[in-house]
Amino acid sequence: MHLALFQPDIPQNAGAIMRLGACLGVPVDLIEPAGFILDDRRMRRAGMDYIDRLTLIRHASWERFQADRAPGRLVLLTTKAATPYTGFDFRPDDILILGRESSGVPDHVHEAADARLLIPLLPGLRSINVAQAAAMVLGEALRQTGGFPAAQTLANQAGG
């Protein structure tokens with residue numbers, strides 16, 4: 001499982017997602033250009049000391065990401081999807097991709113996605129914070145695939 005950030009705009013959100021990845025042992029792919037300098041103090045503050053434990057893979061462009069990314073399905077989280085993430089069958093090698101806070105992802109990224117998922121919201125509400133969306137969907141994906149670190153540790157202790 002990977003999280004991928006497509007040209008993030010807000011350093012605090014990127015830091016929170018990087019902290020999420022570090023705490024859950026999920027690598028984060030950062031597809032540049034970002035809307036901030038990567039050593040931004042706001043990003044580091046949001047990520048706290050956890051960022052040093054993160055596997056961060058930086059890609060200079062969408063094209064470099066496509067050429068160098070880990071194998072697996074691209075699963076786009078978008079408000080323009082019809083499939084709720086709660087009804088999707090995740091796989092351990094899925095790459096959950098999140099768009100820019102200001103504009104999502106361009107059409108060519110939508111077209112490259114193997115699946116497009118949304119978070120069901122009340123009528124008239126458009127979206128939630130990208131870091132919250134990442135946490136919700138990643139949590140379900142890890143639950144389905146048995147990928148939570150605690151679950152792996154407990155299974156190893158039980159001999160399974």
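Relevant structure appears above.
Summarised in this report is the structure supplied together with it. Just so it is clear, the model here is predicted, and its values are computed rather than measured.

**Here we look at the sheet that holds strand S1 (residues 2-6)**
Here is step 1 of the chain: With respect to topology, 7 strands assemble into an open sheet ordered S3-S2-S1-S6-S4-S7-S5, the strand pairing being parallel. Here the strands that pair on one side only, and so sit at the sheet edges, are strand S3 (56-59) and strand S5 (83-84).
Here is step 2 of the chain: The sheet contact formed by S1 and strand S6 (residues 95-98) spans 4 bridges and is parallel. For Ala4, the partnering residue across the bridge sits in S6 and is Ile97.
Here is step 3 of the chain: Each of S1, strand S4 (74-77) and S6 touches helix H5 (residues 130-145); the most contacted strand, S6, lies at about 165 degrees to it.

**Details of the nonpolar core**
Here is step 1 of the chain: The biggest cluster of nonpolar side chains holds 34 residues, and the ones touching the most others in it are Leu3, Phe90, Leu96, Leu98 and Leu138.
Here is step 2 of the chain: Breaking this core down by element, the ones donating at least two residues are S1, helix H1 (11-24), strand S2 (28-31), S4, S6, strand S7 (115-118) and H5.
Here is step 3 of the chain: No other element matches H5, which puts 8 residues into this core.
Here is step 4 of the chain: What Leu96 contacts, discounting residues up to four positions off in sequence, is Met1, His2, Leu3, Ala4, Val75, Phe90, Val137, Leu138 and Ala141.
Here is step 5 of the chain: Grouped together as the second largest cluster of nonpolar side chains are 12 residues, Phe6, Trp62, Phe65 and Ile95 included.

**Re empty space enclosed by the protein**
Sizing a probe to match a water molecule and rolling it over the atoms shows the empty space that remains.
Here is step 1 of the chain: Inspection of the entire model under this criterion finds 1 cavity of 30 Å³ or more.
Here is step 2 of the chain: Approximately 50 Å³ is the volume attributed to the largest cavity.
Here is step 3 of the chain: Lining the largest cavity are Leu5, Phe6, Pro8, Asn13, Ala14, Ile17, Leu98, Gly99, Glu101 and Val130.
Here is step 4 of the chain: Contributing elements (two or more residues each) for the lining of the largest cavity: S1 and H1.
Here is step 5 of the chain: Ranked by the residues each element gives to the lining of the largest cavity, the list is headed by H1, at 3 residues.
Here is step 6 of the chain: Residue composition of the lining of the largest cavity, grouped by class: 7 nonpolar, 2 polar and 1 charged.

**Regarding the layout of surface pockets**
Here is step 1 of the chain: The computed volume of the largest pocket comes to approximately 660 Å³.
Here is step 2 of the chain: Of all elements in the fold, only S4, S7 and H5 reach the threshold of two or more residues within the lining of the largest pocket.
Here is step 3 of the chain: Here the lining of the largest pocket is composed, by residue class, of 13 nonpolar, 10 polar and 4 charged.

**Side note on unusual backbone geometry**
Here is step 1 of the chain: Glu32 connects to Pro33 through a cis peptide bond whose omega is 10 degrees.
Here is step 2 of the chain: Looking at where Pro33 falls in the secondary structure, it is placed in the loop between S2 and helix H2 (41-47).
Here is step 3 of the chain: With a phi angle near 45 degrees, Gln7 is a residue other than glycine that sits in the positive phi range.
Here is step 4 of the chain: Relative to the assigned elements, Gln7 resides in the loop between S1 and H1.

**So, the pairing of S1**
Here is step 1 of the chain: In terms of burial, S1 is largely enclosed, as 5 of its 5 residues are buried.
Here is step 2 of the chain: In S1, alternate side chains face the same way, and those of His2, Ala4 and Phe6 on one face and Leu3 and Leu5 on the other are all buried.
Here is step 3 of the chain: Inspection of the sheet shows S1 paired to S2 by 4 bridges, in the parallel sense. Bridging from a neighbouring strand, Ala4 pairs with Asp29 of S2.
Here is step 4 of the chain: Note on the crossover from S1 through H1 to S2: the handedness is right-handed.

Scoring rules and cut-offs
Residues numbered from 1 in each chain as written. Predicted model: local features only at pLDDT ≥ 70, side-chain atom pairs only at ≥ 80, totals over all residues. Heavy atoms only, no water. Pairing = 2+ DSSP bridges. Helix = DSSP H or I, 4+ residues; strand = E, 2+ residues; numbered from the N terminus. Contact = heavy atoms within 4.5 Å. Axes fitted to C-alpha atoms, helices over the stretch in contact; angles between N-to-C directions. Core = buried A, V, L, I, M, F, W, Y, C linked by side-chain atoms within 4.5 Å. Buried < 20%, exposed > 50% of the residue type's maximum accessible area, 1.4 Å probe, protein only. 1 Å grid on protein atoms, 1.4 Å probe; cavity = no way out; pocket = protein on both sides within 12 Å on 5 of 7 lines; lining within 4 Å. Points joined across faces, edges and corners; volume = space filled by probe spheres on them. Nonpolar A, V, L, I, M, F, W, Y, C, P; charged D, E, K, R; others polar. Right-handed = clockwise from strand over helix to strand, strands pointing away.

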